[in-house]
Amino acid sequence: MTDTIQAIARSLSADVQTLGVISHNVANMNTPAYRAVRSVPAFDDGSELHTSLELRDGGVKQTDNKLDLALHGPGFFVIQRDGKTMLTRAGAFRLDGDGQLVTERGDRVLGDAGPLTLSTGNVRVDAHGEIWDGIQSLGQLQIVDVGDPSALRPAGEGAYLYDGLPAQWTGSVAQGAIEQANVDPADETIRLMETTRHAESVQRAISIYDKAMDTGINHLGDN
């Protein structure tokens, strides 16, 4: 395969990957706290794209459920799933049968001293993530920021694995609210149009190159 064909093939493959990313974002527009994914060029062999997460805040929906929590600003709740520590922005929490604070999936929500156990769901959570029953503190939510966003890896159902160093959290907590996906429909529509047009241009380039090669081969030996 010639260098020209390889370059065209890589470009078309990148467009297909980008369209897949856009499709995934659109499909999760109504998923609470979903982080939009962006495709970025790989600067190694150029054979594929890398993906990164868009970390800007999503909109906030009021629920008035005292265990529904939303984060303002950068940061993640720390949870435990199957013995692994993970991060999430999805703060639709509840109490399980043992009184432990868990996610909708049942992952344990961690505080500074480990899993949080509450005697009641009728609590107050302040902007710093401390949980109160009247004047009694029941624990402090463990909330962290990430020092290296590129080290975040989706683990499914709103959770992320993180291999980098944590950073100091400087955001705030809103009680009785859930963060929405941070997918911008207008932005995704523009990206879809741009990528589709680029893919069409690449297809035309393939057709033109094929015709040029065919013409050249058919005229070999004419002179």
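Scroll up to find the structure.
Because the structure is a prediction, the values reported are computed rather than measured.

Parameters at a glance
Residues numbered from 1 in each chain as written. Predicted model: local features only at pLDDT ≥ 70, side-chain atom pairs only at ≥ 80, totals over all residues. Heavy atoms only, no water. Pairing = 2+ DSSP bridges. Helix = DSSP H or I, 4+ residues; strand = E, 2+ residues; numbered from the N terminus. Phe/Tyr/Trp six-rings, centres within 6.5 Å; stacked < 30°, edge-to-face > 60°. Buried < 20%, exposed > 50% of the residue type's maximum accessible area, 1.4 Å probe, protein only. Core = buried A, V, L, I, M, F, W, Y, C linked by side-chain atoms within 4.5 Å. Contact = heavy atoms within 4.5 Å. Salt bridge = Lys/Arg side-chain N within 4 Å of Asp/Glu carboxyl O. Polar contact = N/O pair within 3.5 Å; in protein donor to acceptor, adjacent residues only side chain to side chain.

Caption draft 1: Broad picture of the pairing of strand 9 (residues 108-111). Examined bridge by bridge, strand 5 (residues 76-81) and strand 9 share two bridges and lie antiparallel to one another. If you follow Gln-80 over to strand 9, its bridge partner there is Arg-108. In this sheet, strand 10 (residues 114-115) lies alongside strand 9 in antiparallel orientation, the contact comprising two bridges. For Leu-110, the partnering residue across the bridge sits in strand 10 and is Pro-115.

Caption draft 2: The arrangement of the packing of aromatic side chains in detail. Tallied over the full model, the rule gives two aromatic pairs. Measuring from centroid to centroid gives 6.1 Å for Phe-76 and Tyr-160, while their planes differ by 70°, and the two rings are edge-to-face. Residue Phe-76 is located in strand 5, and its partner Tyr-160 is located in strand 16 (residues 159-162); the two are separated by 84 residues in the primary sequence. Its relative accessible area of 5% is what places Tyr-160 among the buried residues. Residues Phe-77 and Phe-93 carry aromatic rings whose centres are separated by 5.1 Å and whose planes lie at 75° to one another, so their mutual orientation is edge-to-face.

Caption draft 3: Examining the nonpolar core more closely. Counting residues in each nonpolar core, the largest one holds 20 residues, and the members touching the most others are Leu-101 and Leu-141. Setting aside chain neighbours within four positions, we find Leu-141 in contact with Leu-69, Phe-77, Leu-101, Val-109, Leu-110, Gly-111, Asp-112, Leu-116, Val-125, Gly-129 and Ile-131. In terms of nonpolar packing, the next biggest core, distinct from the first, is built from 17 residues, Val-21, Val-78, Ala-151 and Leu-152 among them.

Caption draft 4: Highlighting the pattern of salt bridges. Under the definition given, this model contains nine salt bridges. A salt bridge links Asp-57 to Arg-89; its shortest N-O distance comes to 3.3 Å. Of this pair, Asp-57 sits in the loop between strand 2 (49-53) and strand 3 (60-62) while Arg-89 sits in the loop between strand 6 (84-88) and strand 7 (94-95), and the two are 32 residues apart along the sequence. In this structure Asp-57 comes out as partly exposed when scored by relative accessible area, which is 34%. Residue classification places Arg-89 among the buried residues on the basis of a relative accessible area of 1%. Notably, a salt bridge pairs Glu-157 with Arg-105, separated by 3.1 Å at the nearest N-O pair. Of this pair, Glu-157 sits in the loop between strand 15 (152-156) and strand 16 while Arg-105 is found in the loop between strand 8 (101-102) and strand 9, placing the two residues 52 residues apart along the sequence. The network of salt bridges with shared partners includes Arg-35, Asp-57, Arg-89 and Glu-179.

Caption draft 5: Representation of unusual backbone geometry within the structure. One non-glycine residue with positive phi stands out, namely Asp-64, at about 65°. Tracing the sequence through the fold places Asp-64 in the loop between strand 3 and strand 4 (69-72). One non-glycine residue, Asp-82, adopts positive backbone phi at about 50°.

Caption draft 6: Summary view of the side chain of Thr-88. As for its position among the elements, Thr-88 is in strand 6. Here the side chain of Thr-88 touches Ala-90 through a polar contact of 3.1 Å, landing on its backbone nitrogen. Not counting residues up to four positions away in its chain, the partners in contact with Thr-88 are Phe-76, Phe-77, Ile-79, Gly-158 and Ala-159.

Caption draft 7: Expanded view of the sheet that holds strand 12 (residues 130-133). Spatially, 11-12-13 is the arrangement adopted by the three strands of the open sheet, whose pairing is antiparallel. Sheet topology places strand 11 (124-125) and strand 13 (136-140) at the edges, where each strand pairs with a single neighbour. Pairing of strand 12 with strand 13, which is carried by four bridges, proceeds in the antiparallel orientation. In the strand pairing of strand 13, Asp-133 is matched with Gln-136.

Just geometry here; none of it tells us what the structure is for.
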